[in-house]
Amino acid sequence: MDKSIRLGKSDLHINPIGLGTNAVGGHNLYPNLDEEQGKDVVRTAINQGMNFLDTAFIYGPERSEELVGQVMKEYKREEIILATKGAHEFKGDDVVINNRPEFLKQAVEGSLKRLDTDYIDLFYIHFPDEDTPKDEAVGMLKDLKDQGKIRSIGVSNFSVEQLKEANKDGYVDVIQGEYNLFKREAEKDMLPYTADNQISFVPYFPFASGLLAGKYDENTTFNDLRAKDPLFQGEAFKQNLAKVEQLRPIAEQKGVEIPHIVLAWYLNQPSIDAVIPGAKRASQVIDNLKTLEVSLTDDDISKIDHIFS
Ligand code: NAP
């Protein structure tokens, strides 16, 4: 069954279940990552027809792009729709965000080198800086698109106002922003704007870093970024777990598990055309593909809406 979708106004067609690769070589984000296991995650995704891969310069930094690039070499380039991101500039020990056109040009060149490829399917400005006019930043990406170095244009972590400025000439295909059942601010202004302007919204942290996967209990402890995340603290953590548990009967009734219901719910939202759950093990990749079997009724959609409203 072909369920491929078109990304924004681009000519890219992807499996709506993509792969987030910040745990592939993202040593600055997760401790003790096994690089071979990470490459196996990417390989499994491609073998299973999950063709939309999401990486970034800052995962590692650099290492995620390098590892994804190594695995890509094992396949025909056109089998893969590769997204990466840039905007972080290292100045000594400091990292600053830079959206200046010349810097973005260098960022794209750097990503092409690390990925060892001739073109990037989707290049995102990873974060907005404070002073670059956003249409000028995107103007440089449009030039790079005209030169064939990138095939579509994305922005990430932009507010609706910044997105509107970035999209003044109608060049933005995709925005990636934080969105999940616990963080639903995007529903207010962002999703209506993206839906009206043929921009795909790709939510990151779709599982709220695993919380919405339905496998933690109140005794679970964390030694990574989650150790400080408010969703994972004390009483709030318990209440969040209780909400996630309410998804279990809906999942059981459909013969799937909680993560599949969660991802399917997002794909029913306006302009959310694709999701990029992260995976640390190949088995999680295979598992997330079960989402394609889930069909939610209007009643299921509003029940889930209600649990997390
Ligand atoms: P996430 O998708 O919310 O959570 C991923 C975690 O959920 C996995 O590491 C795994 O954690 C667990 N998981 C995944 N599939 C599962 C399954 N089938 N069953 C049970 N558990 C499962 O968070 P994320 O990976 O941080 O974010 C997704 C992607 O978004 C990233 O990889 C990255 O590409 C992108 N991202 C972008 C930005 C941005 O600024 N644009 C920011 C953050 C992330 P455990 O195995 O450890 O439990």
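A. Representation of the site of the ligand in the model. Taken together, the neighbourhood of the ligand is formed by 31 residues, with Asp 54, Lys 215, Tyr 216, Lys 280 and Asn 288 sitting nearest. Ala 208 is positioned such that a nitrogen or oxygen atom in its backbone is 3.3 Å from an oxygen atom of the ligand. Bound to the protein, the ligand loses 93% of the 900 Å² it would expose on its own. In terms of residue count, the dominant contributor to the shell around the ligand is helix α10 (residues 282-288) (3 residues).

B. Representation of the nonpolar core within the structure. Counting 81 residues, the largest nonpolar core has Leu 212 and Tyr 266 as its most contacted members. Among the elements that take part in this core, helix α9 (residues 258-267) stands out by supplying 7 residues, more than any other. If you look at the next biggest cluster of nonpolar residues, it comprises 13 residues, including Ile 5, Leu 12, Ile 81 and Tyr 124.

C. Representation of α9 in the model. Counting buried positions along α9 yields 9 of 10 residues, so the element is predominantly enclosed. All of the buried residues in α9 are Ile 258, Pro 259, His 260, Ile 261, Val 262, Leu 263, Ala 264, Trp 265 and Tyr 266. Check the buried side of α9 and you find it contacts α7 (234-245), α8 (248-253), α10 and α11 (298-307).

D. How the structure looks around the pattern of salt bridges. Evaluated as defined, the whole model comprises 26 salt bridges. A salt bridge links Arg 114 to Glu 65, with the shortest nitrogen-to-oxygen separation between them at 2.5 Å. Separated by 49 residues along the polypeptide, Arg 114 in helix α3 (residues 101-115) and Glu 65 in helix α2 (residues 63-72) bring together distant segments of the chain. The exposure class of Glu 65 is buried, given its relative accessible area of 0%.

E. Region of interest: the sheet that holds strand β8 (residues 122-125). Strand order in the open sheet formed by 7 strands is β3-β4-β5-β8-β9-β10-β11, and the pairing between neighbours is parallel. Each edge of the open sheet carries a strand with a single partner, namely β3 (19-20) and β11 (200-204). Across 5 bridges, strand β10 (residues 174-178) lies against β11 in parallel orientation. The residue of β11 that forms the bridge with Gln 176 is Val 202. Across the sheet, helix α4 (residues 134-146) lies against β8 and β9 (153-156), angled at about 150 degrees from β9, the strand it touches most.

F. Region of the structure containing the pairing of strand β7 (residues 94-97). In this structure, strand β6 (residues 88-91) lies alongside β7, joined through 4 bridges in antiparallel fashion. By the bridge assignment, Lys 91 is partnered in β7 with Asp 94. Joining the antiparallel neighbours β6 and β7 is a turn of 2 residues, in which Gly 92 adopts a positive phi near 60 degrees.

G. Examining the side chain of Arg 184 more closely. Along the chain, Arg 184 turns up in the loop between β10 and α6 (190-196). A distance of 2.7 Å separates a polar atom in the side chain of Arg 184 from a polar atom in the side chain of Glu 187. Apart from the residues lying within four places of it in its own chain, the contact partners of Arg 184 are Tyr 179, Trp 265, Asp 305, Phe 308 and Ser 309.

H. Structural view of the packing of aromatic side chains. In the structure shown here, the tally under the stated rule is 11 aromatic pairs. Here Tyr 179 and Phe 201 contribute two aromatic rings whose centre-to-centre distance is 6.1 Å and whose plane-to-plane angle is 85 degrees, an arrangement assigned as edge-to-face. A residue pair is termed long-range when its members are at least 10 positions apart, and Tyr 179 in the loop between β10 and α6 and Phe 201 in strand β11 qualify at 22 residues. Judged by its relative accessible area of 0%, Tyr 179 is buried. Here Phe 201 falls in the buried class, since its relative accessible area comes to 2%. Their ring planes at 80 degrees and their centres at 5.1 Å tell us that Tyr 204 and Phe 205 sit as a pair that is edge-to-face. Taken together, the ring pairs connect Tyr 179, Phe 201, Trp 265 and Tyr 266 into an aromatic cluster. A cation sits over an aromatic face here: Arg 77 above Tyr 119, 4.0 Å from the ring centre. Over the face of the ring belonging to Tyr 171 we find Lys 142, whose NZ or CZ atom lies 5.1 Å from the ring centre.

The rules behind the values
- Residues numbered from 1 in each chain as written.
- Predicted model: local features only at pLDDT ≥ 70, side-chain atom pairs only at ≥ 80, totals over all residues.
- Heavy atoms only, no water.
- Near = heavy atom within 4 Å.
- Polar contact = N/O pair within 3.5 Å; in protein donor to acceptor, adjacent residues only side chain to side chain.
- Areas by Shrake-Rupley, 256 points an atom, 1.4 Å probe, with all protein chains shown as cover.
- Helix = DSSP H or I, 4+ residues; strand = E, 2+ residues; numbered from the N terminus.
- Core = buried A, V, L, I, M, F, W, Y, C linked by side-chain atoms within 4.5 Å.
- Buried < 20%, exposed > 50% of the residue type's maximum accessible area, 1.4 Å probe, protein only.
- Contact = heavy atoms within 4.5 Å.
- Salt bridge = Lys/Arg side-chain N within 4 Å of Asp/Glu carboxyl O.
- Pairing = 2+ DSSP bridges.
- Axes fitted to C-alpha atoms, helices over the stretch in contact; angles between N-to-C directions.
- Phe/Tyr/Trp six-rings, centres within 6.5 Å; stacked < 30°, edge-to-face > 60°.
- Lys NZ or Arg CZ within 6 Å of the ring centre and 35° of its normal.

None of this, on its own, says anything about what the molecule does.
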